[in-house]
Every structure is written in C-alpha cells, then in structure tokens.
Amino acid sequence: MSTRNASFQQWQALLTNRTKRHRAGEFLVHGVRPITLAAEHGWEIRDLIYPDRQSLSGWARDMLDRTGARPVAMDPALVAELAGKESAELIAVVGLPAPPPLPDADLVVVFDRPSAPGNIGTLIRSADAFGAAAVVVTGHAADPYDPKSVRASTGSLFALPVLQLDRPDPLLDWAARGGVQLVGTDEHGAVDVADHDLTGPTALLIGNETNGLSAAWRAAADVLVRIPITGAASSLNAAAAATVILYETARQRSRSRG
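From a predicted model like this one, the values you see are computed outputs, not experimental measurements.

As a further point, take the packing of helix 6 (residues 117–129) against helix 10 (residues 238–257). For the pair helix 6 and helix 10, the least separation of the axes is 9 Å and the interaxial angle reads 10 degrees. Between helix 6 and helix 10, the crossing angle belongs to the class labelled roughly parallel. Packed against helix 6, whose contacting residues are N119, T122, L123, S126 and A127, the element helix 10 presents A239, A242, T243 and L246 at the interface. Counted by class, the contact of helix 6 with helix 10 contains five nonpolar, four polar and no charged residues.

Here it is in structure tokens:
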C-alpha cells in the first residue's frame, strides 16, 4: 500500500477518534512486547501492517506466520505515520474484546473518571505488576484503548481484564455479594494506607486526576486512606498514587502469607 487509501484513512482515524475505534471494534498496537502479549493472550489480531521492501526480524516474520492476521505491506512513511513517527516494524490492528465480567477475585482497582489515557495505561501496568485481577474504569472517562493508554500499559492491557462501567452500581453489588471492602484514596483520608488492613478482598478506589473521587464513590467507600507525603508536592499523580497503594497491598499480603 503506497497511497492514503480508504483503509489507511480508517486506521489513521483509530489513532484519534474514540467513536470510530468503538464503531469499528478495533484499535492499533505497535511494539514487540504489546503485540506479543496480545497474541499470547488470544486477542484477535486482524491485520499486521509492515513497511514494504524492508527486511523483517525473526520476531516479525513469526508474528506474521502464527497469528493468522492479514499481512499488509505499506509504504514505510505511512507506517511511521500510523506509529506516531516512531519506528515500528509491525503495527497490529487488534479487535476490541467483548466486555469482561467482574472477576471472582480479591483485588480490583477502580479508576473513577480518569481524564488522561496515559494514566489509565500506567495504572493498568501497575495493577498487573502487583497482582490485581482487573481494572475498572468508571464514569465519563478517557478510553483505555487510546494509543497513549495502550503504549503506557506496555502490554499489560492484554494480560488484565479492563472493564468500563457508566455507574458504580454493578461494582457495588459485586462488592456486597463478595464481602469486598471498598478502600478509597484521598489526600485528607482518615488513615495512613500502611495502617489499614489490605489483606482481605479489596477494591481500591482511585479518583480523577483533578477532582479526586466522586461524591458517590466517597460515600460508598468503607474507608478513605491517605499516602503520607513530604516536600513541596501537594499530592501525587493518580496513577502514581495507585502504584503506591498497590505496592503496599502486595507488601501486606506477602507478609501475611509468610
């Protein structure tokens, strides 16, 4: 493919247009680790775009051979455009998954109305690293399948269920049925996070980057915990705060098992 034909224009729209991503049911992925994890975890890889007239690595040839994706040779300049000007040996067109159910698990992270897709990806990466079973994005929020989120997750998006809920009710019902405590985060929380027991079934509630948790989530929380900080910073980035609390959760659980 050497011209900006209809297929190229559709793929280009997936980079910036959330509505078109969800209408088409697909999004773009590049990078060795993300594409490899998408394949390993059984995601539908529909097309694999690669730069025409360039030699490919063994990894790229293996992906083309074993995924069953349609191979699309494209002018290298157009490949670079789809990759955001970064060098990309392959770009995968990946199908959006069916909405997963809430897991039967004892650690879930809820991100309330995140506005920055990069923060969603970073939180997904941390949730995967510290043993969470799922990430739930609630309310009017950025898209987990935005390229910035996909990139920031470094492939963890494909290893961890990510749910999107308009309202808190389904998760509140799930928590009530499973005896799951709802632990909200707030810089003015009543308890330091290290002083609260996180070893039992837990949903960690992380608020919007600017406004924190909504009134509905604050009211639903069983406890609001804080991260003690010093220095000139008034607060932590939402994804950074989530990472700290996930680490503390993993630390407590490791000690309780020991």
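Moving on: the domain arrangement of the chain. Assigned domains of the chain: these are domain 1 (6–95) and domain 2 (107–257). Taken over C-alpha atoms, the centre of domain 1 sits 30 Å from the centre of domain 2. Listed as interface residues are 17 residues of domain 1 and, on the opposing side, 15 residues of domain 2. Of the roughly 1300 Å² buried where domain 1 meets domain 2, counting both sides, 58% is carbon and sulfur surface.

The full count for this structure, using the stated rule, is five aromatic pairs. With 6.2 Å between their ring centres and 80 degrees between their planes, F27 and W43 make a pair best called edge-to-face. Here W43 lies in the loop between helix 3 (32–40) and strand 2 (45–51) and F27 lies in strand 1 (residues 26–30), a separation of 16 residues in the sequence. Taken individually, F27 and W43 each receive the classification buried, so the pair is uniform in this respect. Pairing F27 with F158 gives two aromatic rings, centres 6.2 Å apart and planes at 10 degrees, and the pair type is stacked. Linking F27 in strand 1 with F158 in the loop between helix 7 (147–153) and strand 7 (162–165), this pair joins segments that are 131 residues apart in sequence. Looking at F27, the relative accessible area reads 0%, which means it is buried.

Looking now at the pairing of strand 7. Relative to strand 7, strand 6 (residues 134–138) is paired through four bridges, and the arrangement is parallel. By the bridge assignment for strand 7, T138 is matched with L165. Remark: the strand 6/helix 7/strand 7 crossover connection has right-handed handedness.

Reading across from one edge, 1-4-2-3 is the order of the four strands in this open sheet, with mixed pairing throughout. Where the open sheet ends on each side, the last strands, each with one partner, are strand 1 and strand 3 (70–74). Across the sheet, the axes of successive neighbouring strands diverge by a mean angle of 25 degrees, strand direction being ignored. Two elements, strand 2 and strand 3, share five bridges in a ladder whose sense is parallel. Across the sheet, D47 pairs through a bridge with R70, a residue of strand 3. Together, strand 1, strand 2 and strand 4 (91–95) form the strand contacts of helix 3, whose direction differs from that of strand 1 by roughly 130 degrees.

Here we come to unusual backbone geometry. Even without being glycine, R53 reaches a positive phi, approximately 60 degrees. By the element assignment, R53 lies in the loop between strand 2 and helix 4 (58–66). Looking at R53, the relative accessible area reads 66%, which means it is exposed. The backbone phi angle of R113 is positive, close to 55 degrees, even though this residue is not glycine.

Conventions adopted
- Residues numbered from 1 in each chain as written.
- Predicted model: local features only at pLDDT ≥ 70, side-chain atom pairs only at ≥ 80, totals over all residues.
- Heavy atoms only, no water.
- Axes fitted to C-alpha atoms, helices over the stretch in contact; angles between N-to-C directions.
- Helix = DSSP H or I, 4+ residues; strand = E, 2+ residues; numbered from the N terminus.
- Parallel < 35°, antiparallel > 145°, perpendicular 65-115°, else oblique.
- Contact = heavy atoms within 4.5 Å.
- Nonpolar A, V, L, I, M, F, W, Y, C, P; charged D, E, K, R; others polar.
- Domains from an automatic or database assignment.
- Buried area = accessible area lost by both parts, 1.4 Å probe.
- Phe/Tyr/Trp six-rings, centres within 6.5 Å; stacked < 30°, edge-to-face > 60°.
- Buried < 20%, exposed > 50% of the residue type's maximum accessible area, 1.4 Å probe, protein only.
- Pairing = 2+ DSSP bridges.
- Right-handed = clockwise from strand over helix to strand, strands pointing away.

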